[in-house]
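Close look at the chain arrangement
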Amino acid sequence: MMSFTNLQYLKGFGNEFQTEDHRCPNALPEGQNNPQKCAYGLYAEQLSGTAFTAPRHENKRSWLYRIRPSVIHKPFKPVPNNFLINNWHDCLPNPNQMRWKPFKLPDAQKRVDFVEGLHTICGAGDPKSRSGLAIHIYLCNISMGKKAFYNSDGDFLIVPQQGALNIKTEFGKIRVEPNEICVIQQGIKFSVDIEEASRGYILEVFDNHFKLPNLGPIGANGLANPRDFLTPVAWYEEFDEPHVIISKFQGHLFETVQPHSPFDVVAWHGNYAPYKYNLKNFMVINAVEFDHADPSIFTVLTCPSNKEGTAIADFVIFPPRWAVQEHTFRPPYYHRNCMSEFMGLIFGNYEAKEEGFLPGGASLHSMMTPHGPDKQCFEGASNADLKPVRVADGTMAFMFESSLSLAVSKWGEEICQTLDAEYYKCWESLKKYFNLNEA
Ligand SMILES: [Fe+2]
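Quick summary incoming for the structure in this document. Please read all numbers here as calculations on a predicted model, not as lab measurements.

**Some points on the side chain of Thr 328**
Tracing the backbone shows Thr 328 in the loop between strand 23 (321-323) and strand 24 (340-347). Side-chain polar atoms of Thr 328 contact the backbone nitrogen of Asp 291, separated by 2.8 Å. Within polar-contact distance, the side chain of Thr 328 engages the backbone oxygen of Glu 326 at 2.6 Å. Not counting residues within four places of it along the chain, the set of residues in contact with Thr 328 comprises Phe 290, Asp 291, His 292 and Leu 386.

**Brief notes about the coordination of the iron ion**
Protein-derived coordination of the iron ion comes from His 335 (NE2), Glu 341 (OE), Glu 341 (OE) and His 371 (NE2), at a distance range of 1.9 to 2.6 Å. The coordination sphere of the iron ion comprises four donor atoms, whose angles at the metal cover 55 to 148°; the geometry is irregular. The sequence motif formed by the donor residues of the iron ion is H-x5-E-x29-H. On the criterion of sequence distance, the pair formed by Glu 341 in strand 24 and His 371 in the loop between strand 25 (362-365) and helix 1 (375-382) is long-range, its members being 30 residues apart. For the pair Glu 341 and His 371, one class covers both residues: buried.

**What about empty space enclosed by the protein?**
Taken as a whole, this structure holds two cavities of 30 Å³ or more when the rule is applied. A volume near 30 Å³ is recorded for the second largest cavity. Around the second largest cavity, the lining residues are Ile 67, Arg 68, Glu 237, Glu 238, Phe 239, Asp 240, His 260, Ser 261 and Asp 264. Here the lining of the second largest cavity is composed, by residue class, of two nonpolar, two polar and five charged.

**Focus on unusual backbone geometry**
Backbone geometry at Leu 223 places phi at a positive 55°, although glycine is not the residue there. Mapping Leu 223 onto the fold places it in the loop between strand 15 (198-205) and strand 16 (230-232). Phi at His 327 is positive, roughly 35°, even though this residue is not glycine. Using a relative accessible area of 63% as the deciding quantity, one classes His 327 as exposed.

**As for the state of the cysteines**
By the definition in use, this model includes zero disulfides. Free of any disulfide, Cys 24 has its nearest cysteine sulfur in Cys 38, 12 Å distant. Unpaired in this structure, Cys 182 has its nearest cysteine sulfur neighbour in Cys 140, at a distance of 13 Å.

Quick notes on the rules
Residues numbered from 1 in each chain as written. Predicted model: local features only at pLDDT ≥ 70, side-chain atom pairs only at ≥ 80, totals over all residues. Heavy atoms only, no water. Helix = DSSP H or I, 4+ residues; strand = E, 2+ residues; numbered from the N terminus. Polar contact = N/O pair within 3.5 Å; in protein donor to acceptor, adjacent residues only side chain to side chain. Contact = heavy atoms within 4.5 Å. Donors = N, O, S within 2.8 Å, 3.2 Å for Na, K, Ca; no water. Tetrahedral: all angles 85-135°; square planar, octahedral: opposite > 155°, others 65-115°. Buried < 20%, exposed > 50% of the residue type's maximum accessible area, 1.4 Å probe, protein only. 1 Å grid on protein atoms, 1.4 Å probe; cavity = no way out; pocket = protein on both sides within 12 Å on 5 of 7 lines; lining within 4 Å. Points joined across faces, edges and corners; volume = space filled by probe spheres on them. Nonpolar A, V, L, I, M, F, W, Y, C, P; charged D, E, K, R; others polar. Disulfide = S-S within 2.5 Å.

So, to be careful, I would describe these as geometric facts and stop short of saying anything about function.
If you want it as structure tokens, here you go:
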């Protein structure tokens with residue numbers, strides 16, 4: 001299991017990049033995309049991430065200059081997969097608060113790679129009509145080696161929780177450690193090598209690509225700054241041995257063999273390319289006098305729906321920060337939401353629940369399902385001395401918040417065996433303090 005070192009990246013969110021592997025200077029054609037013959041005998045291939053006719057500010061595509069075109073492969077055949085689903089019809093609705101203990105890594109005697117280790121936990125919608133999302137947990141203990149994967153259905157936002165991911169992509173190499181995230185868009189082939197048994201979360205969106213949220217009165221800077229997003233530089237391998245290519249298509253896996261490595265892109269240019277982001281770079285903005293900003297103030301990336309201001313999914317984090325509000329109950333408030341909230345914990349202790357919500361676990365508070373701090377948190381924060389204090393040091397919790405009502409898979413409900421049946425009890429002992437004499 002190898003680890004990538006000394007990787008180079010291009011900086012900026014959604015830029016019009018251009019990059020060549022250093023072994024092949026001038027591999028990119030000048031002034032055109034399709035020369036009669038490409039330099040070094042390369043093939044030109046376009047990868048479209050939006051309709052050809054999408055407006056200019058939305059339009060995403062890249063040009064790849066590669067040793068062989070992607071089209072050389074045997075016919076695809078279906079691959080059985082029990083735990084990756086996009087069909088929610090068999091999932092019985094469950095409006096309860098749900099919390100999962102850490103998801104179990106594969107037994108050491110079982111060899112499971114990143115793709116084999118994808119388990120859908122919840123979701124909604126349909127990749128055929130390109131509307132909706134799925135949330136997956138990956139649990140793996142071997143590298144993919146000469147196997148590559150691409151998702152025909154949508155984009156993956158990958159949140160490693162345990163173990164660094166060394167990801168070969170058609171656009172170059174990315175290394176993503178816990179507390180970093182990466183986005184690999186629809187159609188981009190990648191292969192994940194690991195260094196230890198690894199676990200993490202994936203938000204898959206079908207409708208649109210992720211964007212930086214608008215900042216409104218915050219101004220031109222803040223939250224996730226565009227320059228901190230990193231895209232790989234071109235890198236190729238010339239490796240004429242069979243490689244397995246797996247496509248997720250309409251929610252099912254299909255496999256084929258290609259007689260060469262798919263990571264043979266010598267140079268590319270365009271604005272459709274994978275990227276990573278280190279969550280420590282998030283510029284935190286919050287209330288500095290009293291009360292709370294809503295958690296949307298912590299949005300890193302958003303995948304918009306067609307309804308203005310309403311996301312198919314937001315990726316929100318709860319980073320280390322100062323809490324300074326006066327005469328305020330500082331932890332998250334009790335609430336009911338018209339959105340679905342799936343949370344995970346990368347490391348540390350989440351402030352609203354010090355126990356039970358653990359790194360590598362998760363929670364789901366569905367539409368209009370009440371939730372909020374547990375008793376211990378309520379009692380502590382209601383009586384705390386309100387000096388400025390650090391919150392969430394050594395902790396990174398996150399939320400996938402969606403305007404869709406999410407169904408929970410059978411794997412999530414039963415097979416994973418980590419659903420905490422006692423979760424509701426953390427609120428049961430909240431006391432009645434009502435007293436007419438205490439205004
Ligand atoms: Fe919430």
